[in-house]
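# What the coordinates show
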Amino acid sequence: GALLSQAASFALNRGLSGMEFAQGIPGTIGGAVVMNAGAYGGEMRDVVTETSYLDLKTGEIRKACGQAQEFSYRNSIFSNGEKIIFRVRLRLRPDDPESIRARMESYSRRRRESQPLDRPSAGSTFKRPQGHFAAALIDQAGLKGFTVGGAQVSPKHAGFIVNLGNATCGDVLRLVEQVRKRVLYNSGVRLDLEVRLLGADGKMKFC
């Protein structure tokens with residue numbers, strides 16, 4: 001349940017490097033392991049050596065180490081919703097705290113310059129298609145600034161869907177569908193969601 005930002009700061013204060021990439025990612029350590037969260041060339045699989053979890057199918061407490069965690073792009077063995085993570089072991093490396101801080105500040109500056117941090121969002125909406133960048137495909141489809149109700153494709157970074165202040169769940173899902181259809185028509189590339197949908201069946205449903 002520890003926030004990624006707290007873990008990154010904890011490591012910084014002890015002169016441990018490896019979590020700099022995670023400093024600005026919203027969410028918890030457990031959630032980050034589930035989806036192998038990453039940014040700026042770093043991913044959780046780079047630092048996670050062991051994960052303890054509750055197997056909801058059997059009720060047993062188990063442990064996965066190394067490659068058994070099956071980390072891949074925004075995915076892991078924990079992504080099926082059948083496991084609850086309760087402990088994660090990280091392997092970090094000693095480094096000069098000022099060097100660590102400088103890297104974290106550089107990443108923070110790049111986020112402020114490129115991402116719509118002034119508006120509520122769920123972060124990057126779509127996964128990166130193989131050989132492409134989702135934001136570039138959305139931009140090429142002419143969708144920057146495209147709005148459905150209170151939800152908008154960010155004019156600053158097309159990979160983000162932001163809340164203009166009164167967006168509903170239905171607004172966001174309708175906008176997601178419009179983006180996927182227009183990008184598929186324009187480029188032939190199908191965009192997959194990076195965000196997870198919560199609901200009875202986890203499928204796209206208008207709220």
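Heads up: the structure comes first, above all this text.
These remarks concern the structure in this document. (Residues numbered from 1 in each chain as written. Predicted model: local features only at pLDDT ≥ 70, side-chain atom pairs only at ≥ 80, totals over all residues. Heavy atoms only, no water.)

### Digging into the nonpolar core
Put simply, the rule is: Take the buried residues of types Ala, Val, Leu, Ile, Met, Phe, Trp, Tyr and Cys, join any two whose side-chain atoms come within 4.5 Å, and each joined set is a nonpolar core. Relative accessibility decides the category of a residue: with a 1.4 Å probe and only protein chains considered, values under 20% of the type maximum give buried, values over 50% give exposed, and everything between is partly exposed. By definition, any uninterrupted DSSP run of H or I lasting at least four residues is a helix, any uninterrupted run of E lasting at least two residues is a strand, and each is numbered from the N terminus. For this analysis, residues touch if any pair of their heavy atoms sits within 4.5 Å.
Judged by nonpolar contacts, the single largest core of 23 residues is most densely connected at Leu4, Met19, Ile29, Val33, Met44, Val48 and Phe78. Every element with two or more residues in this core is listed here: helix 1 (4–13), helix 2 (29–34), strand 4 (48–55) and helix 3 (97–114). Ranked by the residues each element gives to this core, the list is headed by helix 1, at 4 residues. Setting aside chain neighbours within four positions, we find Ile29 in contact with Ala2, Leu4, Ala7, Met19, Met44 and Val88. Counting 18 residues, the second largest nonpolar core, distinct from the first, contains Ala134, Ala141, Ala151 and Val183.

### Looking at the sheet that holds strand 4
Heads up, the condition is: Strand pairing requires that DSSP identify at least two bridges connecting the strands. Interaxial angles span 0 to 180 degrees and are taken between N-to-C directions of axes, which are lines fitted to C-alpha atoms, for helices over the stretch in contact.
Read from one edge to the other, the open sheet built from 3 strands follows the order 5-4-6, with strand pairing classed as antiparallel. Each of the sheet's edge strands pairs with one partner strand only, and the pair in question is strand 5 (61–65) and strand 6 (83–90). With strand direction ignored, the average angle separating the axes of adjacent strands in the sheet is 25 degrees. Relative to strand 5, strand 4 is paired through 5 bridges, and the arrangement is antiparallel. Bridge pairing in strand 5 places Leu54 opposite Ile61.

### A short note on the environment of Pro120
Of note, Pro120 is situated in the loop between helix 3 and strand 8 (121–124). The class of Pro120 is exposed, set by a relative accessible area of 51%. Sequence separation between Pro120 and Leu3 is 117 residues, and the spatial gap between their C-alpha atoms is 18 Å. The contact partners of Pro120, leaving out residues within four places of it in the chain, are Ile161, Val162 and Asn163.

### A short note on the side chain of Ser154
This is how the line gets drawn: Within 3.5 Å is the distance limit for a polar contact, defined as a pair of N or O atoms, with the added protein rule that one can donate a hydrogen and the other accept it, and that residues adjacent in sequence qualify only through two side-chain atoms.
For Ser154, the position within the fold is in the loop between strand 10 (151–153) and strand 11 (160–163). Looking at Ser154, its side chain comes within polar contact range of the main-chain nitrogen of His157, at 3.2 Å. With sequence-adjacent residues up to four places away left out, Ser154 is seen in contact with Pro116, Lys144, Gly145, Phe160 and Val162.

### Details of the pattern of salt bridges
In plain terms, the rule: For this document, the term salt bridge refers to a Lys or Arg side-chain nitrogen within 4 Å of an Asp or Glu carboxyl oxygen.
Inspection of the entire model under this criterion finds 13 salt bridges. A salt bridge links Glu50 to Arg89, with the nearest nitrogen and oxygen atoms 3.5 Å apart. Taken as a pair, Glu50 in strand 4 and Arg89 in strand 6 lie far apart in primary sequence, 39 residues in all. Here Glu50 falls in the buried class, since its relative accessible area comes to 16%. Put simply, Asp55 and Arg62 hold a salt bridge, and the shortest N to O gap is 3.3 Å. Asp55 sits in the buried class, given a relative accessible area of 9%. A network of salt bridges, in which partner residues are shared, links Glu43, Arg45, Arg74 and Glu194.

Nothing here speaks to function; it is all geometry.
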